[in-house]
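# Structural description and commentary
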Amino acid sequence: MDDLRDRYLAAVAGAADEAALEEVRLAALGKKGEISLKMRELGGMSPEDRQIAGPKLNALKDEIASALAARKAALADAALDDRLRTEWLDVTLPGRPRREGTIHPISQVMEEITAIFADMGFSVAEGPQIESDWYNFDALNIPAEHPTRTEMDTFYMARPDGDDRPPHVLRTHTSPVQIRAMQHQGAPLRVIAPGRVYRSDYDQTHTPMFHQLEGLAVDRDLSMANLKWCLEEFVRAFFEVEKAELRFRASHFPFTEPSAEVDLRCSWKDGQLKVGEGDSWMEILGSGMVHPKVLQAGNIDPSQFQGFAFGIGIDRIAMLKYGIPDLRAFFDSDLRWLRHYGFAGLDVPTLHRGLSR
Ligand code: DAH
């Protein structure tokens, strides 16, 4: 018994980790462990012998069990100490002042516009950039042979040979998000959808990928008057001016009826844009009352609900607001350009603090 005790206590003390300790436990106290087997032998002993051996064996078993538990706790403590020694971070190190990147003006402008429309009860909706031609065209009342399909210089995704389902497209505008939003949320609703759009076009004022923001409001009593107020509020807030004057010019889009292109009164002095004054007009967006067929495509009953919608080119109004001359610079990934035009990462635009400071 003394020999057993010495051997196992030594083995417990010598176990270097939890796995080794577990082996010691199994060897002593496991089903086929040495001490367990000895306990089983008690049954074959004479009552006198058993009375002496039984308590001794039990005491030994308890002693080894508590040695195991103590060693296990000690190993866990040591492991924790070890981690604390290696996994540390010097929080007293000074911050690194050099800003490698900043917030891109496009992101900034998206945040600004989102803040403005959120204040008017619009939430942000999203849709995929690879879109079916139904969402991108048909659902928006642009049928197969409509000239808009070709005017939009669409990128078509390839299909494997023999697969003649209609191809997917890189969405040419954010308008398909209107349909998705109506289908998912039903009426009434108010959403904006900022995002990337694609057209096969490249020059000083066109890039194959650019950004739009779609707006859609659907309710029981909406008219052009609501659209006009909403856009005036937006322009005033966005350009951070007291008053902004808009001109609605009759136009045509397949997905709105009536449709209007919207111009903003402005002046250019010494290459500086002033909004709200002057004799120039600058086109900034397309808009109109949602076509009944478009409401239907979104599963909304046009005899019950009306909607207004608008689409804004984000890149263009970012260039106007921040005096950026060339569209292509947005996508050159030039850090010097970004440091010049970029915004600090923690300056999140809000209406109460001021959008752009
Ligand atoms: N989707 C149009 C374009 O890309 C822009 C547009 C015009 C969107 C009028 C609208 C709208 O929602 O009502 O040229």
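Residues numbered from 1 in each chain as written. Predicted model: local features only at pLDDT ≥ 70, side-chain atom pairs only at ≥ 80, totals over all residues. Heavy atoms only, no water.

If you tally the helices and strands in the protein, you get twelve helices and ten strands. Expressed as lengths along the three principal axes of its C-alpha atoms, the size of the protein is roughly 115 × 55 × 45 Å. When burial is assessed residue by residue, the protein has 41% of its 357 residues classed as buried. Taking as baseline every contact in the protein between residues at least 6 positions apart, the subset at least 24 positions apart corresponds to 66%. Accessible surface computed for the protein: about 20200 Å², of which carbon and sulfur atoms make up 52%. The distance from the centre of the 42 positive side-chain charges to the centre of the 55 negative ones in the protein is 3 Å. (Helix = DSSP H or I, 4+ residues; strand = E, 2+ residues; numbered from the N terminus. Buried < 20%, exposed > 50% of the residue type's maximum accessible area, 1.4 Å probe, protein only. Contact = heavy atoms within 4.5 Å. Areas by Shrake-Rupley, 256 points an atom, 1.4 Å probe, with all protein chains shown as cover. Lys, Arg positive; Asp, Glu negative; His and termini not counted. Charge placed at Lys NZ, Arg CZ, Asp CG, Glu CD.)

All right, on to the domain arrangement of the protein then. Taken domain by domain, the protein comprises domain 1 (2-86) and domain 2 (107-344). Just the C-alpha atoms count here: the centres of domain 1 and domain 2 sit 75 Å apart. (Domains from an automatic or database assignment.)

What follows is about unusual backbone geometry. With omega at -5°, the peptide bond leading from Ala187 into Pro188 counts as cis. Position of Pro188 among the secondary structure elements: in the loop between α8 (176-185) and β4 (189-198). One non-glycine residue, Asn299, lies in positive phi territory at about 60°. Asn299 sits in the exposed class, given a relative accessible area of 63%.

The full set close to the ligand counts 15 residues, and His173, Ser175, Arg199, Gln212 and Glu214 are the nearest of them. Contact between the ligand and Ala309: an oxygen atom at 3.3 Å from a main-chain N or O atom of the residue. Coverage of the ligand by the protein chains reaches 90% of its 350 Å² of free accessible surface. Elements represented by at least two residues in the shell around the ligand include exactly β5 (209-219), β9 (280-290) and β10 (306-313). Tallied by class, the residues present in the shell around the ligand amount to four nonpolar, nine polar and two charged. (Near = heavy atom within 4 Å. Polar contact = N/O pair within 3.5 Å; in protein donor to acceptor, adjacent residues only side chain to side chain. Nonpolar A, V, L, I, M, F, W, Y, C, P; charged D, E, K, R; others polar.)

A few words on the pattern of salt bridges. Taken as a whole and judged by the stated rule, the model has 21 salt bridges. Here Glu131 and Arg180 are joined by a salt bridge, their closest N and O atoms 2.6 Å apart. With Glu131 in strand β2 (residues 130-132) and Arg180 in helix α8, the pair connects residues that are 49 residues apart, well separated along the chain. Arg180 shares its class with Glu131; the two are buried. Within the structure, one salt-bridge network assembled from shared partners comprises Arg247, Arg249, Glu261, Asp263 and Glu283. (Salt bridge = Lys/Arg side-chain N within 4 Å of Asp/Glu carboxyl O.)

Residues in a regular strand project their side chains so that they alternate between the two faces of the sheet. Judged from the eight bridges that link them, β5 and β10 form a sheet pairing that is antiparallel. Bridge pairing in β10 links Val218 to Gly307. Taken together, the five bridges between β9 and β10 define a ladder with antiparallel strand orientation. Paired with Leu285 across the two strands is Ile312, which belongs to β10. (Pairing = 2+ DSSP bridges.)

Moving on to the nonpolar core. Membership of the largest hydrophobic core comes to 49 residues, with the highest contact counts inside it found for Phe117, Phe234, Leu264, Ile284, Phe308 and Phe310. The contacts of Phe310, once residues within four sequence positions are left out, are Phe117, Leu213, Glu214, Gly215, Leu227, Leu231, Leu285, Gly286 and Ser287. If you look at the next biggest cluster of nonpolar residues, it comprises 25 residues, including Ala125, Ile142, Val177 and Met182. (Core = buried A, V, L, I, M, F, W, Y, C linked by side-chain atoms within 4.5 Å.)

Of the two faces of strand β8 (residues 272-275), only one is covered, namely that formed by Leu273 and Val275; the face formed by Gln272 and Lys274 stays uncovered. Relative to β8, strand β7 (residues 256-269) runs antiparallel, the two being bridged by four bridges. Bridging across to β8, Lys269 finds its partner in Gln272. Taking the residues that link successive antiparallel strands as the turn, the β7-β8 hairpin has two residues, and the phi of Asp270 there is positive, at about 50°.

Across the nine residues of helix α11 (residues 314-322), eight count as buried, placing the element largely inside the fold. For α11, every residue scored as buried is listed here: Ile314, Asp315, Ile317, Ala318, Met319, Leu320, Lys321 and Tyr322. Count one or two residues on from α11 and you reach Gly323, which has phi positive near 60°.

Before going further, it helps to examine α8. In terms of burial, α8 is a largely internal element, seven of the ten residues being buried. Positive backbone phi, at 70°, marks Gly186, one or two positions downstream of α8.

Running from N to C, helix α2 (residues 18-29) and helix α4 (residues 47-86) cross one another at 175°; their axes reach a closest spacing of 10 Å. As the angle between them shows, α2 and α4 are arranged roughly antiparallel. Facing α2, whose interface residues are Glu18, Leu21, Val24, Arg25, Ala28 and Leu29, α4 presents Lys61, Ile64, Ala65, Leu68, Arg71, Lys72 and Leu75. (Axes fitted to C-alpha atoms, helices over the stretch in contact; angles between N-to-C directions. Parallel < 35°, antiparallel > 145°, perpendicular 65-115°, else oblique.)

Let us look at the packing of α2 against helix α3 (residues 34-41). In contact at an axis separation of 3 Å, α2 and α3 are set at 15° when each is read in the N-to-C sense. Accordingly, the angle class assigned to the pair α2 and α3 is roughly parallel. Contact residues: α2 offers Ala27, Ala28 and Leu29, while α3 offers Glu34, Ile35 and Ser36. Its residues assigned to classes, the contact of α2 with α3 comprises four nonpolar, one polar and one charged.

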